[in-house]
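# A structural walkthrough
For reference, the chains in residue letters:
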Amino acid sequence: LHIRHNDSERIKLVFTGQYSAGKSSILKMLTKREDIEIGENITTEYVTSYDWNGLDVVDTPGIHTTLRPDHDELSYDAIASADMLVFVITNELFDSYMVNHFRKLAIDKDKAGEMILVVNKMDRTAEGNTREQQKIIRDDLVKVLKPFTPEQFNLSFLDAESYLESIEERDE
């Protein structure tokens, strides 16, 4: 039995996580929408919803940016009405604040069963997005995610920026 967390008839998929982890880039990659702004600095100022294949996919500002403390509150409001969360971190994994935030969502708010954990920017690892690099990161995640395993969060490894660059090159 699935309990809806929002009043809409549509499923709400909320992208949250570290600021500058690539949430907007992943959404741009997924939806192929040209109007999603991406960049190296903070580009998502507000919670923004997009229609994608009958779902509401929602981009949130990053959590724990000292430049914009109001972003945490905006993100938490979107998370509260999410049916499913995509939690995005980078290949550098969690700092202590993000670990606490993730654990609060997964355990205290009982969202673990509604989460997908995405490790973005895998091309920045020593060998790129290889099985060996994925295993190293997965083993590090085991310590942070206890009592859960990484697989319980539908762990995914990608590099949205590389994908978007390859699409640009192909189109040129």
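This text follows the structure it describes.
Report on the accompanying structure.

Definitions and limits used
Residues numbered from 1 in each chain as written. Predicted model: local features only at pLDDT ≥ 70, side-chain atom pairs only at ≥ 80, totals over all residues. Heavy atoms only, no water. Helix = DSSP H or I, 4+ residues; strand = E, 2+ residues; numbered from the N terminus. Contact = heavy atoms within 4.5 Å. Areas by Shrake-Rupley, 256 points an atom, 1.4 Å probe, with all protein chains shown as cover. Pairing = 2+ DSSP bridges. Axes fitted to C-alpha atoms, helices over the stretch in contact; angles between N-to-C directions.

### Quick notes on the overall build of the chain
The helix and strand tally for the chain stands at five helices and six strands. Written out in order from the N terminus, the α and β elements of the chain read β-α-β-β-α-β-α-β-α-β-α. Taking all contacts inside the chain whose residues are at least 6 apart in sequence as the whole, residues at least 24 apart take part in 67%. Accessible surface, the chain: about 9,600 Å² in total, of which carbon and sulfur atoms supply 49%.

### Brief notes about the sheet that holds strand E1 (residues 12-17)
With mixed pairing, the six strands of this open sheet are ordered in space as E2-E3-E1-E4-E5-E6. Edge positions in the sheet fall to strand E2 (48-52) and strand E6 (156-157), since each of these pairs with one other strand and no more. Pairing between strand E4 (residues 84-90) and strand E5 (residues 115-120): six bridges, direction parallel. Paired with Ile89 across the bridge in E5 is Val119. Here helix H3 (residues 96-108) sits on the sheet in contact with E1, E4 and E5, set at roughly 165° to E4. Contacts from helix H4 (residues 131-145) reach E4, E5 and E6 within the one sheet, and its direction differs from that of E5 by about 135°.

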